[in-house]
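As a plain string of letters, each chain reads:
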Amino acid sequence: MANLTELQISLIAIGIVVVLGVVFFNWMQQRHYRRGAEEAFGSKHEDVLLRTGVSDGEDERIEPQLGKEPLHESFDEPDAESAGITELAQPTPGSAQPAPESAQPTPEPAPVKPEGETVKTERSPVRPEASHVKPEPRFRPAMHFTPLGPGPAPAGRRIVDSIAAADAVDYVVGIDGGTSITDSNLSELLQRKFDFGKPVRWLGQQEAEASWEEITAESSSKGNYINLRGHLQLADRNGPVSEVSLSAFRDMAENFAAQVKAAANCPDIPQAYAQALFLDEFCTQVDVMVGINIISKDNSVFTGAKIHVLAETSGFKPGADGLFHYRDENNATLFSFGNYEASPFLPNKMRTLITHGVTFLLDVPRVANGEIVFGQMMYLAENFTDALGGVMVDDNRAPLSDSGIRKIRQQLSAIQSMMLARGIPAGGETALRLFA
């Protein structure tokens, strides 16, 4: 140090100050973001899979439930065995349009994925590793079901006949032109459909009393529309629309109306944002995936080749998402099954794949006639269980009992009743948009 000049000493001191400043700045930024995250996601819930309290006795095993209380007053008291049901989220219900008192669920923790988790969502699939092959018994023929689901869409232009239902889940702006709006102006609107973070639809009316038609890039040149309605979806599985996006959508509609010399009718933004938050709360209450595990016995494994043959025999079709889907006559998925482990079921890899189990999945809000479809899924799950020589288990890898299956059916029925009471029937057009 004695040989250092004053300049060198000054530079060293400045360097130390800069490093300390950077460290302090990073600490402040981390503290700021941690505080923001705690404010946004800070509600602390007990882990359903780890809690020790029981309802009927101290030695009973507690399974994951839709809430701490039954969803419907007519339910029986919860059994010790439960079902593989995982909720994507479970905030406290809002107050604008509450579901019937008997159907109000209580807040539920977000799912935790320990080893043996029955239901896999898109967010965090966690599964154990595979091992070695074991001979398996023959399987009985699959029962053929009559597909359930909505009828085929009409040919030609798509007529929108449920404006009231759409208004409940969309921020709707009206543009009343009085005279025909040109195709080039419509093209400008359609090009901005993906600018607002949520799905956008434009509807057109060719005469004052005519039906509303959905306008697409293909149909925009075929109709002379005098009135328009712009629909910005208020919520989806990623959460509610932002207030900024609502404002931007309103501004676009007002600017467009001024450009074509039309009148714009745009609802209040704060009120629409509050409606979006309430809708998102309701969606998280009913956004449930039912899952049934079939796992191998004694650490044996299932072969992909046999699973593939069994799937085709039972009427399943492979999908690009790594699942096999059971579809109705309109090609809508009723339920699916996938690998209990991490590897997806890809057709070109099924010959060499081995696994410890498969998981059947039913997306509750996207399926009409949920109890009937659940019965179909359970029949095929039992078929797979016998054919593969496995065992059907719940979230804790305990054999799934008749009472556990009955409880799934009750909870599923309660969820779909909540949706019907809200005017958003499960499997309907509006539900399919909200839970896409």
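Residues numbered from 1 in each chain as written. Predicted model: local features only at pLDDT ≥ 70, side-chain atom pairs only at ≥ 80, totals over all residues. Heavy atoms only, no water.

1. Some thoughts on the environment of Ser245
- By the secondary structure assignment, Ser245 is in helix 4 (residues 243–259).
- As for Ser245 and Gly197, which are separated by 48 residues in sequence, their C-alpha atoms are 7.1 Å apart.
- Contact partners of Ser245, with chain neighbours within four places excluded, come to Phe196 and Leu232.
- One polar contact links Ser245 to Ser242, side chain to side chain, over a distance of 3.0 Å. (Helix = DSSP H or I, 4+ residues; strand = E, 2+ residues; numbered from the N terminus. Contact = heavy atoms within 4.5 Å. Polar contact = N/O pair within 3.5 Å; in protein donor to acceptor, adjacent residues only side chain to side chain.)

2. So, the pairing of strand 5 (residues 200–205)
- Burial within strand 5 is extensive, with six of its six residues counted as buried.
- Summarising the sheet, strand 5 and strand 7 (residues 227–233) pair through six bridges and their orientation is antiparallel. Counted as the bridge partner of Gln205 is Asn227 from strand 7.
- Pairing geometry for strand 5 and strand 6 (residues 212–215), over three bridges, is antiparallel. Residue pairing for strand 6: Trp202 is matched across the bridge by Ile215.
- Where strand 5 hands over to strand 6, the hairpin turn is made up of six residues, counted between the paired strands. (Buried < 20%, exposed > 50% of the residue type's maximum accessible area, 1.4 Å probe, protein only. Pairing = 2+ DSSP bridges.)

3. Looking at the packing of aromatic side chains
- Applying the stated rule across the entire model yields 16 aromatic pairs.
- Pairing Tyr171 with Phe249 gives two aromatic rings, centres 6.3 Å apart and planes at 70°, and the pair type is edge-to-face. You can see Tyr171 sitting in strand 4 (residues 170–176) and its partner Phe249 sitting in helix 4, a full 78 residues away along the chain. Phe249 carries the same exposure label as Tyr171, and that label is buried.
- Taken together, a centroid distance of 6.0 Å and an interplanar angle of 65° make the contact between Phe337 and Phe345 edge-to-face. (Phe/Tyr/Trp six-rings, centres within 6.5 Å; stacked < 30°, edge-to-face > 60°.)

4. Quick word on the confidence of the model for the protein
- When pLDDT is averaged along the protein, the result is 76, and 68% of the positions lie at 70 or above.
- Ranking the elements of the protein by mean pLDDT puts strand 2 (residues 132–133) last, at 34, and strand 17 (residues 357–363) first, at 97.
- Contacts for the low-pLDDT stretch residues 43–161, under 50 throughout, to residues beyond four places or in other chains number 281 contacts. (pLDDT = per-residue confidence, 0-100.)

5. Section: helix 3 (residues 183–191)
- Burial in helix 3 covers these residues: Asn185, Leu186, Leu189 and Leu190. Around the axis of helix 3, the buried residues are gathered within 140° of arc, so they sit on the same side.
- Its buried side turned inward, helix 3 meets strand 5, strand 6, strand 7 and helix 4. (Arc of directions from axis to C-beta.)

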